[in-house]
Structures are given as structure tokens and as C-alpha cells.
Amino acid sequence: MTAKKVLFLAQEIHPYIEDSPIGKISQFLPQGIQETGYDIRTFMPNYGTINERRNQLHEVIRLSGMNLVIDDKVHQLVVKVASLPSAKMQVYFIDNDDFFSRKGNLHDEDGNLYNDNSERAVFFLRGVFETIKKLRWVPDIIHCQGWFTGLAPLYLRTLYKDEPALAQAKLVFSAYDQTPQQPFGEELTRVLGFDNIESPLLDGTALDKETFVQLVLKYVDGMVISTKEISPELLDAIHGSGKKYLDYHEPEVLVKAVDEFYSTL
């Protein structure tokens with residue numbers, strides 16, 4: 001039987017981003033799923049904080065060079081790759097100097113979220129999807145890790161809903177309960193509007209945490225609760241959505257639990 005294919009979109013992955021709970025799970029979960037017998041592809045942004053020489057990143061010329069128009073501005077897509085020898089796993093990096101050559105990942109030096117995170121997130125996820133199309137690789141499951149990937153289900157069920165390489169995939173989102181109170185600013189409605197994407201949940205103001213969760217739940221097929229201490233509000237939203245969900249599991253049993261959860265989708 002052909003191996004099932006899983007596409008992982010990760011906000012961050014250890015060891016490229018240090019001391020990150022999301023990053024650590026985003027490293028060992030794809031690794032474990034791959035060892036279970038799945039065919040995987042894993043992507044993250046190439047933040048300016050990543051040491052490319054030490055981590056041996058190199059550009060994939062055949063996948064780079066495409067221009068993506070985000071909010072009426074042209075940005076060149078660069079795709080790089082590196083290997084985690086200990087995990088026997090490749091990681092693809094979505095790169096662009098306009099968005100990712102900074103001293104911070106999602107926040108500036110004062111701890112404030114970058115005011116163009118909407119454009120950065122859309123560039124990242126569209127870069128992933130365009131790369132997958134070039135690879136001619138059709139995922140059965142698309143698993144998003146971290147709030148920065150949270151717009152992916154919306155795009156997959158709207159702009160990419162007729163794309164043969166992506167339209168049939170089941171969508172999973174891992175909830176860490178670390179979403180900022182306002183993950184994306186008021187520019188998000190404009191950015192999405194440029195791609196002809198509208199939602200009754202978006203009204204031109206900054207996207208708050210509660211509405212963000214509703215937006216994710218509207219389009220995903222399943223949720224994975226990835227933190228032990230989860231807020232009652234987030235838990236109530238997941239329970240009330242009617243979507244399938246996987247309760248929190250300790251790391252040593254998480255891979256098996258997620259594998260079984262995938263089969264229910």
C-alpha cells in the first residue's frame with residue numbers, strides 16, 4: 001500500500017529555533033510520523049535568527065524564483081532545505097528578504113508583534129502550497145503547528161479549493177494556547193481581500209484571539225490539543241465546534257496517538 005502523505009506547516013522547529021515547546025513538538029512529531037511509515041514534507045519560515053551556515057541550509061534552485069503577489073506587492077519566493085541527521089528528516093524553509101531577514105521571528109526587539117505579520121504569514125503559507133504544487137506531491141493530511149500557520153485552512157478552503165494537489169487533504173491544527181490576544185492586525189482583511197477571500201468573521205478590525213480560534217475551527221477537520229495547561233475558553237470552543245479533536249498526550253505517546261487520530265479523518 002502506498003504510504004500516506006502528511007504535509008507539516010510549522011511556525012518553528014527545534015533546533016533552528018531554540019527553547020520552544022512548539023518547535024520541539026514540530027521536530028519530533030514529523031520525525032515519529034515518518035518512522036511510522038508515512039511520507040512527509042515539513043516546512044517553516046527561514047527567520048533571520050537562523051544561522052544558515054551552522055545549520056547547513058542551501059537553496060533549492062528548481063523550487064525558487066517564483067514571484068508571489070501579496071497585498072498588491074511582488075515578493076520573490078526562495079526555498080531552502082536542510083537535513084536533521086539525528087531525525088533523518090529534511091526541513092524546507094520559505095524565505096524572502098522583505099519578510100524574514102530580521103533580528104526577530106514574530107516580534108521586534110521590544111517584544112511587539114511585527115505589524116506586517118499578516119503579509120508574512122500569507123507569503124509563508126502560499127509559498128508552501130506553490131512549492132508543493134511544483135513538487136507534484138499530493139498530501140493526504142496537512143497538519144499546521146502554531147498560530148502563525150493558522151490562516152492555512154482558510155486559504156486551502158478558499159483560494160486553493162480547486163487545486164488538485166491540495167483540495168482533498170484533511171486539515172489538522174495543533175492548538176498550543178499561545179496565540180497572542182491580537183495575532184493579526186486590521187490589515188488582515190485587506191490582505192485577504194486582495195486574494196478575493198472574505199469571511200463574516202473578519203470586519204476590518206484587528207483579529208482577536210477568540211475570532212482567530214473560530215476561523216481555524218471553521219475550516220479544519222480536526223484539532224490536536226498540544227499543551228497540558230489549556231484555557232477553558234479554548235477547550236470550550238473546540239468542544240462546541242463539533243470537530244474531531246485529540247486530547248493532550250504526553251510526548252512519549254503523542255506520535256502513536258496522532259497516527260491513530262489521522263486514521264479517524
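Parameters and conventions
Residues numbered from 1 in each chain as written. Predicted model: local features only at pLDDT ≥ 70, side-chain atom pairs only at ≥ 80, totals over all residues. Heavy atoms only, no water. Buried < 20%, exposed > 50% of the residue type's maximum accessible area, 1.4 Å probe, protein only. Helix = DSSP H or I, 4+ residues; strand = E, 2+ residues; numbered from the N terminus. Pairing = 2+ DSSP bridges. Patch = residues over 30% accessible without salt bridge, like charges linked within 9 Å, V, L, I, M, F, W, Y side chains within 5 Å. Areas by Shrake-Rupley, 256 points an atom, 1.4 Å probe, with all protein chains shown as cover. Salt bridge = Lys/Arg side-chain N within 4 Å of Asp/Glu carboxyl O. Lys, Arg positive; Asp, Glu negative; His and termini not counted. Charge placed at Lys NZ, Arg CZ, Asp CG, Glu CD. Contact = heavy atoms within 4.5 Å. Axes fitted to C-alpha atoms, helices over the stretch in contact; angles between N-to-C directions. Polar contact = N/O pair within 3.5 Å; in protein donor to acceptor, adjacent residues only side chain to side chain.

Asker: Can you help me understand the pairing of strand E8 (residues 141-145) in this one?
Answerer: Each regular strand displays side chains that alternate between the two surfaces of the sheet. Buried residues dominate E8, accounting for five of its five residues. Pairing between strand E1 (residues 5-10) and E8: five bridges, direction parallel. Of the residues in E8, the one forming a bridge with Ala10 is Gln145. For E8 and strand E9 (residues 170-175), the ladder comprises five bridges, and the chain directions are parallel. Residue pairing for E9: Ile142 is matched across the bridge by Leu171.

Asker: What am I meant to see in a negative patch on the surface here?
Answerer: A surface patch of like charges, here negative, comprises Asp203, Asp208, Glu210, Glu233 and Asp236. Judged by its relative accessible area of 32%, Asp208 is partly exposed.

Asker: What am I meant to see in a nonpolar patch on the surface here?
Answerer: Nonpolar side chains collect at one region of the surface, where Val69, Val74 and Phe194 lie side by side and expose about 230 Å² of accessible area between them. Relative to the helices and strands, Val69 is located in strand E4 (residues 67-70).

Asker: Just checking my understanding: could you explain the environment of Arg157 for this structure?
Answerer: Take Arg157: it is sitting in the loop between helix H5 (152-156) and E9. For Arg157 and Ser101, which are 56 residues apart along the polypeptide, the C-alpha to C-alpha distance reads 30 Å. Every residue in contact with Arg157, bar those within four places of it in the chain, is listed here: Ala167, Ala169, Lys170, Leu171, Tyr219 and Asp221.

Asker: Would you mind going over the pairing of strand E6 (residues 78-84) with me for this structure?
Answerer: Among the seven residues of E6, six are classified as buried, and the element is accordingly described as predominantly covered. By the bridge criterion, two bridges tie strand E3 (residues 58-59) to E6 in an arrangement that is antiparallel. Each residue of the ladder has a partner; that of Glu59, found in E6, is Lys80. For E6 and strand E7 (residues 89-95), the ladder comprises seven bridges, and the chain directions are antiparallel. Across the sheet, the residue bridging to Val78 is Asp95, located in E7. Hairpin connection of E6 to E7: four residues between the antiparallel strands, including Lys88 at a positive phi of 50°.

Asker: Quick question: what am I supposed to make of the sheet that holds E9 here?
Answerer: Across a sheet, strands are paired by hydrogen bonds formed along the backbone, either parallel or antiparallel in direction. Spatially, nine strands are ordered E3-E6-E7-E2-E1-E8-E9-E10-E11 in an open sheet, and the strand pairing comes out mixed. Of all strands in the sheet, those bounded by a partner on one side alone are E3 and strand E11 (244-246). Packing against the sheet, helix H9 (residues 251-264) makes contact with E1, E8, E9, strand E10 (222-225) and E11, and its axis sits at approximately 170° to E11.

Asker: Would you take a moment to explain the side chain of Asp71 for this structure?
Answerer: Take Asp71: it is sitting in the loop between E4 and strand E5 (73-76). Within polar-contact distance, the side chain of Asp71 engages the side chain of Arg190 at 2.8 Å. Excluding its chain neighbours within four sequence positions, the residues that come into contact with Asp71 are Glu119, Arg190, Val191 and Phe194.

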